[in-house]
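Each chain, letter by letter, is given below.
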Amino acid sequence: MVRQFHDGMQAHVLDDGNQSSPFNVTNGVKQRCVLAPTFFSMMFTAMLATAFSESDPGIDIRYLTDGGVFNLQSLKANTKVHFKRLRDLLFADDCALNALTEADMQQSLNRFSDACDSFGLTISTKKTEVMFQPAPNSPYIKPNISIKSQRLNPVEKFTYLGSTLSRNVHIEDEVNSRKAKVSSAFGRLNKTVWNRRGIKSVTKLNVYRAVVLTALLYASETWTVYQRHTKKLNHFHTVCLRKIQGITWQDKIPDTEVLSRANMYGINTILRSSQLRWTGQVCRMDGTRIPKQLFYGELVNGSRSRGCQKKRFKDSLKVSTKLFGIEPDSLEKLAQNRSAWRSSLKVGAKKHEQHRVCLAEHKRAKRKEREASDAPPTGPSLPKCGRAFHTRIGLIGHLRTHNTNHRNTNS
C-alpha cells in the first residue's frame, strides 16, 4: 500500500513565479500529505521489528505502578514487579538507540543499518552521533562505534528535541544553553518591546512570560535541579525584570520587591510548580506508557555508589510536595483529580512564595542590623556629603551615583 501510494510521484519547482516541467521523485515521502507521516511510522515500525526480531539489546528497568512513587523498596519484591527493555526512542524520523555496553550498541547499530538497507532507507552518518554516559566515579572512554566501517562522531553533549544532553548526566550545559538562547532573544526585543515607550508595562511583562520565560524553562519539568542552578536562573530572571521595569542598581530595590511589582514568582517556585504539575499528568497516564514506567521504576543493572549520593528527581520532588503543603503519601490519589490537583498547586505555590519572601526579608533585616552594629568605616570619605567608606571601591560606586543624580537633575 505504501509503495502504490508513492509510485509515479512527480513534482514541480517554482522559481520566481515560473513553474518547471514535472519530474519524477524517486525518494522521500509525498509532500503536503497528511497520510505521509502515518505511512512512514508504519514503515519505520516494520523496519525496527525486522531489525530486532532475533536479538533485542537495550536498557532494562523494573517498575511497579501501584506501589507508590516514593516507595522504592517495593521494587525489590519478587512478585507484581514488571520489567521493560528500552531499546529505542522515536520522534518523527529520528531514532535514538540505547544499550548498556559498547558491544551491544555496535550489534544493535549493525542490525539497524541492515534493516534500513533492506527497506530502502538511508542513515545520515554526518548527523548520527554517539554518546557514552559512564557511571559515577567511573573513567570515561571514547566509544568506537561505526556504520559500514565509517566511525561515528563521539560527543560529550548534543541537542535532542531542543534539550542539551550531557555525558556527565547533569543540567549544567542545559542551563547555560537556555540562558544563551534566551539572552539573545531578549536582546533582540530591546528596541521593539522593552525600550519602547508606547507599550504598557503590563504588556511587556506578558510578552516576557510568553516569549522569554517559556524558552528559559523549556523542558524544566524533568530537571534535577541543584541550588546553584536555581540561583543562576533566578538571577537571570530578576535581571530581565529589572530591565523591563527600568530599575537600576542605584535604586537599591531588592529582588523580592522586583518580583512583587511584576506580579511574578521566583524561579524556585516556578520550577517546583511545573514539576509537580507534570508529575500529576504522569500519574494520570496509562500504565503502558513509557514515561509512567520510568517514573515508577529503576534500572535493573547497577547500584548507587557509597558515600554522598547524587540527587535524584524523586528527591527534589519529595521536597517540593512538602514545601507546597502536600503529603507525599497522598500525592497519587490527589493527582487523579486534575482540577483539584491544579488548585492545590496554586495554593501551595502562593504559600511557598510567601514563605520564601519572608525568609529573604528576615535575612536582609539581620544583615542590616549586623552592618549597623559594626564599627564606623575609617577609609576614604566623600567631601560632598561627608560619607566614609570601608574600601575605595565603595567610594567609586558612590561617586558614580552622585554623577548619575547630577546628570538627571541637569536634564
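Residues numbered from 1 in each chain as written. Predicted model: local features only at pLDDT ≥ 70, side-chain atom pairs only at ≥ 80, totals over all residues. Heavy atoms only, no water.

*Asks:* Which parts of the structure should I look at to understand unusual backbone geometry?
*Replies:* For residues other than glycine, phi is negative in most cases, and the peptide bonds are mostly trans. Even without a glycine there, the phi angle at D16 is positive, about 55 degrees. Relative to the elements of secondary structure, D16 occurs in the loop between β2 (14-15) and β3 (18-19). (Helix = DSSP H or I, 4+ residues; strand = E, 2+ residues; numbered from the N terminus.)

*Asks:* Help me out: how do you make sense of the packing of aromatic side chains in this one?
*Replies:* Centre distance and the angle of the planes are the two values used to describe a pair of aromatic rings. Within this structure, the stated rule accounts for seven aromatic pairs. Arranged with centres 6.0 Å apart and planes meeting at 25 degrees, the rings of F132 and Y140 form a pair that is stacked. Exposure remark for Y140: the relative accessible area of 23% places this residue in the partly exposed category. A ring pair is formed by F186 and W194, whose centres lie 4.9 Å apart and whose planes are at 20 degrees; its orientation type is stacked. Take F186 and W194: they sit in the same class, and that class is buried. Among the aromatic residues, those joined into a ring-pair cluster are W278, F295, Y296 and F313. Above the plane of the ring of Y226 lies R228, whose end atom (NZ or CZ) is 4.8 Å from the centre. Against the face of Y226 rests K311, its NZ or CZ located 5.0 Å from the ring centre. (Phe/Tyr/Trp six-rings, centres within 6.5 Å; stacked < 30°, edge-to-face > 60°. Buried < 20%, exposed > 50% of the residue type's maximum accessible area, 1.4 Å probe, protein only. Lys NZ or Arg CZ within 6 Å of the ring centre and 35° of its normal.)

*Asks:* Would you mind going over the packing of helix α4 (residues 172-188) against helix α6 (residues 201-216) with me for this structure?
*Replies:* Working note: a packed helix pair is described by the angle between its axes plus the distance between those axes. α6 packs onto α4 with a crossing angle of 160 degrees between their chain directions and a minimal axis gap of 8 Å. Between α4 and α6, the crossing angle belongs to the class labelled roughly antiparallel. The element α4 and its partner α6 pack so that their crossing is right-handed. Seen from α4, the contacting residues are R178, K179, V182 and F186; seen from α6, they are Y208, V212, A215 and L216. Each residue belonging to the contact of α4 with α6 can be placed in one class, and the counts come to six nonpolar, no polar and two charged. (Axes fitted to C-alpha atoms, helices over the stretch in contact; angles between N-to-C directions. Parallel < 35°, antiparallel > 145°, perpendicular 65-115°, else oblique. Left-handed = near helix turned anticlockwise from the far one by under 90°. Contact = heavy atoms within 4.5 Å. Nonpolar A, V, L, I, M, F, W, Y, C, P; charged D, E, K, R; others polar.)

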